[in-house]
Amino acid sequence: MATLGDLLAAHTRAGDPALCESSDGTWVRCSACAHECLIPDDASGTCKVRVNHGGTLMVPWGYVSGAQSDPIEKKPFFHVEPGSRAFSFGMLGCDLKCACCQNWVTSQALRDPAAGSTITRTSPEELVHAAVRSGARSVVSTYNEPLITTEWAVAVFKAARAAGLLTGYVSNGHATPKVLDYLAPWIDMYKVDLKGFDELQYRNYGGHLEPVLETIRGLHARGIWVEVVTLVVPGLNNSDDELGQLGQRFFRASGARGSGIPNQGSPKRNRKSGQPAGLAGASPLETGAGMLNDRISGKAGLPGASSSTSPNGTIARSAAGKFISMSAALYAPPVSIRPGHA
Ligand code: SF4
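Residues numbered from 1 in each chain as written. Predicted model: local features only at pLDDT ≥ 70, side-chain atom pairs only at ≥ 80, totals over all residues.

Draft legend 1. Fine view of the environment of glycine 55. Mapping glycine 55 onto the fold places it in the loop between strand E5 (51–53) and strand E6 (56–60). Placed 27 residues apart in sequence, glycine 55 and valine 28 show a C-alpha to C-alpha distance of 6.1 Å. (Helix = DSSP H or I, 4+ residues; strand = E, 2+ residues; numbered from the N terminus.)

This is the structure:
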């Protein structure tokens, strides 16, 4: 019986030269994510899905691990076509290995045999046809880390654009300027999962903080709609200090100008929404997001963009005029929901 590795090896094609280069005909440098792996022959990068075969980087192609039409707020995008459906698809693998990953079955499938994931062969046209049939207004690459499967996502996005659909990433944001340049002509919206402002924690996840901040700045500079979401994990990143830093440093990272005005109304709205007591520590974050919201106003950049507090109990603030918004989602289970990945 074919192993998952065999199946994936049969679903690859040569990577785009814009995202990989071979120096001496044997080693290959990949620039699809911030690891920028230098990969010897017959080996894979950190993500385990981009493989050097004889000096050619082979990348994932022609399959999905899952695809379905979801409410766009489930992605979550809170300010693009609210109430619409987003056709979501994913492949396998991730360049990070967060122990608290909600999508570990797909993201860690190459590291954790317990994931038990498999794949379904498909084409960009088939996916977009299914998206149109489902009534979706957008097509979103999610479930695994889309950066490491960017060539495939761009192929799907080209077909989606031709069908009049919006396109988006749900990503850890651990990107490079090269991959953002490659994506920019084909992507409308990008959700960055900013895990906190603790470099040590980012190293535990297998990455670094600065490239993620640079991605937020880079997306903003390229005029791409950005929403930033932080999963608030009690005991991991919900201290007043870290949440305060999240809001304030995000305000600066956004490139917004001005001194900022704390949003005095936020705690009241917080109580009204009936959020769990554990989120009370989110006030500094909400204040930071409120600063951003109060300093930036203007016309929405994408159809249906809005400024609102999400009905599902998360905090949502829009900075629509600048294509950036920030949210905090409370992650209820304890930190150690499963063992760390190898
Ligand atoms: S996508 Fe990232 S982790 Fe994977 S090979 Fe490229 S640089 Fe390395």
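Draft legend 2. Representation of the site of the ligand within the structure. Around the ligand sit Cys30, Ala32, Cys33, His35, Glu36, Cys37, Gly45, Thr46, Cys47, Arg50, Asp95 and Ile148, and that is every residue in its neighbourhood. A per-class count over the shell around the ligand returns six nonpolar, three polar and three charged. (Near = placed C-beta within 6 Å. Nonpolar A, V, L, I, M, F, W, Y, C, P; charged D, E, K, R; others polar.)

Draft legend 3. View of the pairing of E6. Summarising burial for E6: four of the five residues are buried, a large majority. The pairing of strand E1 (residues 12–14) with E6 spans three bridges and is classified as antiparallel. Residue pairing for E6: alanine 14 is matched across the bridge by methionine 58. Pairing geometry for E5 and E6, over three bridges, is antiparallel. Note on E6: the bridge partner recorded for histidine 53 is threonine 56. The hairpin turn running from E5 into E6, its antiparallel successor, is two residues long, and glycine 54 in that turn takes a positive phi close to 60 degrees. (Buried ≥ 20, exposed ≤ 12 C-beta atoms within 10 Å, placed from the backbone. Pairing = 2+ DSSP bridges.)

Draft legend 4. View of the environment of tyrosine 182. Mapped onto the elements of the fold, tyrosine 182 is located in helix H5 (residues 177–183). Considering only alpha carbons, one finds tyrosine 182 and alanine 18, 164 residues apart in sequence, at a separation of 7.2 Å.

Draft legend 5. Summary view of the nonpolar core. Within the largest apolar cluster, 78 residues are counted, with the highest numbers of intra-cluster contacts made by Cys30, Ala131, Val139, Val156, Val179, Tyr190 and Val226. The leading source of residues in this core is helix H4 (residues 150–162), at six residues. Structurally, this core is a two-domain feature, drawing no fewer than three residues from each of domain 1 (4–60) and domain 2 (63–330). Excluding anything up to four places from it in sequence, valine 139 contacts Phe87, Val128, Ala131, Val156, Phe157, Ala160, Leu165 and Thr167. (Core = buried A, V, L, I, M, F, W, Y, C linked by C-beta atoms within 7 Å. Domains from an automatic or database assignment. Contact = placed C-beta atoms within 7 Å.)

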